Amino acid sequence: MADAGAHRATAIEEHAASQIGPAQEHLIETYRKKAKHYDITCRLYPVPGYPQRTQRLQAVQALGLRPGDRVVDIACGTGLNFPLIEQAIGPNGHIVGVDLTDAMLAQAQHRLQNNGWSNISLVQADAASFHFPTGVDAILSTYALCQVPECADVIAHGAAALSHGGRWVVLDLKLPDNTPRWPTQLGIAIVRHFASIDEWMVRRPWEAISAAMRKELADVSLTELAFGTAFLAAGSSVSGTGPEPRIGFERGSAPREAASRA
Ligand SMILES: C[S@@+](CC[C@H](N)C(=O)[O-])C[C@H]1O[C@@H](n2cnc3c(N)ncnc32)[C@H](O)[C@@H]1O
């Protein structure tokens, strides 16, 4: 991965900060307020008791990581995925954690220091304009990509940077399909406290993400989780010759693990 090994966890690299506009400034302000207590409060996200840790595990498993792999965690926040990734890649692997919010990255940096990890680089950047290092083995984004209006572009940029057979995995929330109106509205009323979701509901980013995954990657699987309130989208770099992508979400089943890379 170009230059990735040269970064050290002691500093947060700023990337294209001058391109941050009013929408991103608002988002940064929102997450600055959440950052300090995020690791605790996110356990209530989107509702108390939600199987977030199980879903994170499924997402990391779907990356099919091996020792020494190079991984990008897009919109990594405070680095809640890092322990799971570190366990799989070991000290010879490398993680680049990218996030727009300085305060979230500052929390991630504490995590690095507390765990003595020296193989993680933190980059403050908008996912939409982030230049992925070439030849990465895996890219992950959890509970974040739906907040990025240019999510389809992010999928495309990441797919272009993946090594042969490299994996792209997105875990995020969605509105359940075919759900009676009142439970959906009840859920929205609860979640509204944690996030601004009106724009999200209209934009339906999980559809754009799914379409982009099918367009840019091979061997794509789209799996609904937790009664259709979340989805796991996974695919492999198209530089390989994967089978025809399947269309639509699979319901209820756990996602399969990544196919082995060449
Ligand atoms: C709900 S948190 C999820 C954090 C982490 N991925 C996790 O699973 O805990 C959403 C994160 O996305 C980041 N984010 C939102 N829009 C972004 C963008 N355009 N580029 C990079 N990061 C972004 C926020 O700063 C925040 O840290």
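For the structure itself, consult the block above.
None of the values given here were measured: they were computed from a predicted structure.

1. Remarks on the overall build of the protein chain
Part 1 of the argument: A count of helical and extended segments in the protein chain gives nine helices and eight strands.
Part 2 of the argument: Here the protein chain holds 262 residues, and the buried ones make up 42% of them.
Part 3 of the argument: In the protein chain, the share of contacts with a sequence separation of at least 24, taken over all contacts with a separation of at least 6, comes to 77%.

2. Considering the packing of helix H6 (residues 151–161) against helix H9 (residues 205–216)
Part 1 of the argument: Running from N to C, H6 and H9 cross one another at 25°; their axes reach a closest spacing of 8 Å. Our classification of the angle between H6 and H9 gives roughly parallel. As for how H6 packs across H9, the hand of that crossing is right-handed. Residues Cys151, Ala152, Ile155, Ala156 and Ala159 of H6 pack against Pro205, Ala208, Ile209, Ala211, Ala212, Met213 and Glu216 of H9.
Part 2 of the argument: Of the residues contributing to the contact of H6 with H9, the split by class is eleven nonpolar, no polar and one charged.

3. So, the packing of helix H1 (residues 22–35) against helix H5 (residues 102–115)
Working note: a packed helix pair is described by the angle between its axes plus the distance between those axes.
Part 1 of the argument: The geometry of H1 relative to H5 is characterised by a closest axis approach of 7 Å and an angle of 35° between their N-to-C directions. For the pair H1 and H5, contact is made by Tyr31, Arg32 and Ala35 and by Ala103, Met104, Ala106 and Gln107, respectively.
Part 2 of the argument: Classifying every residue of the contact of H1 with H5 gives five nonpolar, one polar and one charged.

4. A few points about the site of the ligand
Part 1 of the argument: The local shell around the ligand holds 19 residues, among which Ala75, Gly77, Thr101, Ala127 and Ala144 are the closest.
Part 2 of the argument: Here the residues of the shell around the ligand are counted per class, giving 13 nonpolar, four polar and two charged.

5. What to know about the nonpolar core
Part 1 of the argument: Counting residues in each nonpolar core, the largest one holds 65 residues, and the members touching the most others are Val71, Ile74, Val98, Leu145, Ile155, Val169 and Ile209.
Part 2 of the argument: Dropping the residues within four chain positions of it, valine 169 is found in contact with Ala59, Ala62, Leu63, Leu140 and Ala234.

6. Some words on the sheet that holds strand E6 (residues 162–173)
Part 1 of the argument: Spatial strand order, E1-E4-E3-E2-E5-E6-E8-E7: eight strands in an open sheet with mixed pairing. At either end of the open sheet lies a strand with only one pairing partner, and these are strand E1 (12–14) and strand E7 (217–225). Ignoring strand direction, the axes of neighbouring strands in this sheet form an average angle of 15°.
Part 2 of the argument: Pairing of strand E2 (residues 70–74) with strand E5 (residues 136–142) involves three bridges; the strand directions are parallel. From the neighbouring strand, aspartate 73 faces E5, where its bridge partner is leucine 140.

7. Side note on the pairing of E7
Part 1 of the argument: Counting buried residues in E7 gives nine out of nine residues, a clear majority hidden from the surface.
Part 2 of the argument: Across seven bridges, E7 lies against strand E8 (residues 230–237) in antiparallel orientation. Bridged to alanine 218 within E8 is serine 236.
Part 3 of the argument: Taking the residues that link successive antiparallel strands as the turn, the E7-E8 hairpin has four residues, and the phi of alanine 226 there is positive, at about 45°.

8. Comments concerning H9
Part 1 of the argument: End to end, H9 covers 16 Å across twelve residues, agreeing with the expected 16 Å (1.5 Å per residue, within 8%).
Part 2 of the argument: Along H9, the residues that are buried comprise Pro205, Trp206, Ile209, Ser210, Ala212, Met213 and Glu216. One face of H9 carries all of its buried residues, which in axial projection span an arc of 165°. Turned more than 90 degrees off the buried face of H9, the exposed positions are Glu207 and Ala211.

Thresholds, definitions, all that
Residues numbered from 1 in each chain as written. Predicted model: local features only at pLDDT ≥ 70, side-chain atom pairs only at ≥ 80, totals over all residues. Helix = DSSP H or I, 4+ residues; strand = E, 2+ residues; numbered from the N terminus. Buried ≥ 20, exposed ≤ 12 C-beta atoms within 10 Å, placed from the backbone. Contact = placed C-beta atoms within 7 Å. Axes fitted to C-alpha atoms, helices over the stretch in contact; angles between N-to-C directions. Parallel < 35°, antiparallel > 145°, perpendicular 65-115°, else oblique. Left-handed = near helix turned anticlockwise from the far one by under 90°. Nonpolar A, V, L, I, M, F, W, Y, C, P; charged D, E, K, R; others polar. Near = placed C-beta within 6 Å. Core = buried A, V, L, I, M, F, W, Y, C linked by C-beta atoms within 7 Å. Pairing = 2+ DSSP bridges. Expected span 1.5 Å × (residues − 1). Arc of directions from axis to C-beta.

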